[in-house]
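So you can see what is in the structure, the chains are spelled out below.
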Amino acid sequence: MSGDTASLDQLQAIADRVIAQARPSEQIEVSVARGGHTDIRVYQGEVEHFVSAQDQGISVRVITNGRTGSSYAGTLDESAIREVLAEARENAELGSVDEWAGLAEDDGVAVTPQHLWDETLVAYPTEKKIEIAKKLEQLAVASDSRVRIDDSNYSDGYSEAAFATTTGIRGTNRSNSCYASVSTLAEENGETQTGTTNIVVGDVSMVLSVNIDEQINKDTDKGIVISATNLAGSPIETRGTFEISRVEKQDTTLIATNNFVTGTQAELLKRINKLAS
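In what follows, the accompanying structure is described. No experiment lies behind these values; they were computed from the predicted model shown.

### Section: the packing of aromatic side chains
Evaluation of the coordinates by the stated rule reveals 1 aromatic pair. Between W117 and Y158, the ring centres sit 6.5 Å apart and the planes meet at 90°, which makes this aromatic pair edge-to-face. With W117 in the loop between α2 (78-94) and α3 (119-122) and Y158 in strand β4 (residues 147-165), this residue pair connects regions lying 41 residues apart in the sequence. For Y158, a relative accessible area of 12% translates into the label buried.

### Observations concerning the sheet that holds strand β11 (residues 263-264)
What the 3 strands build is an open sheet, ordered β7-β8-β11; its pairing is antiparallel. Each having just a single partner strand, β7 (206-211) and β11 make up the two edges of the open sheet.

### Side note on a negative patch on the surface
Negative charge collects at one region of the surface, where E83, E87, E90 and E93 lie side by side. When you line up the elements, E87 lands in helix α2. A relative accessible area of 38% places E87 in the partly exposed class.

### Topic: the nonpolar core
V18, I28, V30, V32, I58 and V60 are the most contacted members of the largest nonpolar core, which totals 20 residues. Broken down by secondary-structure element, the contributors of at least two residues to this core are α1 (5-19), β1 (26-43), β2 (46-64), α2 and β4. With near-sequence residues (within four places) excluded, V32 lies in contact with L11, I14, A15, G57, I58, L76, E160, A161 and A162. Core analysis: the second largest hydrophobic core is formed by 10 residues, I226, F242, L268 and I272 among them.

Reading guide: rules and limits
Residues numbered from 1 in each chain as written. Predicted model: local features only at pLDDT ≥ 70, side-chain atom pairs only at ≥ 80, totals over all residues. Heavy atoms only, no water. Phe/Tyr/Trp six-rings, centres within 6.5 Å; stacked < 30°, edge-to-face > 60°. Helix = DSSP H or I, 4+ residues; strand = E, 2+ residues; numbered from the N terminus. Buried < 20%, exposed > 50% of the residue type's maximum accessible area, 1.4 Å probe, protein only. Pairing = 2+ DSSP bridges. Patch = residues over 30% accessible without salt bridge, like charges linked within 9 Å, V, L, I, M, F, W, Y side chains within 5 Å. Areas by Shrake-Rupley, 256 points an atom, 1.4 Å probe, with all protein chains shown as cover. Salt bridge = Lys/Arg side-chain N within 4 Å of Asp/Glu carboxyl O. Lys, Arg positive; Asp, Glu negative; His and termini not counted. Charge placed at Lys NZ, Arg CZ, Asp CG, Glu CD. Core = buried A, V, L, I, M, F, W, Y, C linked by side-chain atoms within 4.5 Å. Contact = heavy atoms within 4.5 Å.

As structure tokens, then:
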């Protein structure tokens, strides 16, 4: 599992190099990615299944004169990168015309930072991953004499990606995750039963969502609802601050801000209804 930010810089350099080859009539979008995963299955204290694999690839989309073409390669070899761009251009020539075809423009709004990468997982040794699956099996068996194990599993994965367009959108992202699971059966008096329990953990203990229509009739009294749940999906009450901004081309203007408590937001609707159409 890669943990070096230089890896992201390498992916971004590839994307930048491809869009730099755009012809005057072309718009080009490039996504470059690499990733990998580990899957371990343990049964009766022994490793029954082990897979550790990596993959990488590049996707190119070309728009020219209203025609769109795309292509993908599952390698980052220089020759393959050249072929992908050539194939995307060829596919664009064969495509039908769409007068609205075009790439998104950079709106100037800063990307909200998200912490999706854990360096501890990057450095976590394989033997300890196997130990997790074995320990989980041991704990399940020890819980009750009627319990027998179907299998015990550990899995993790990571992805790194870079993106660039000739319209000025550019960026990188990376994430990794892992989980462990055990499948059990309970037997008694010749009967077998199964059950499922999920335990969700993370460094953020709340999921916040806003129920709001994409377009709002200013004369409506339909409520806007802000809700929050914990990681188990149970509703909770929380407080926060909302901001309303107007986005026009490259400019973002803060129009209104106010505090809120989860539930129906009468004040937020009132602020929106006062805005110019």
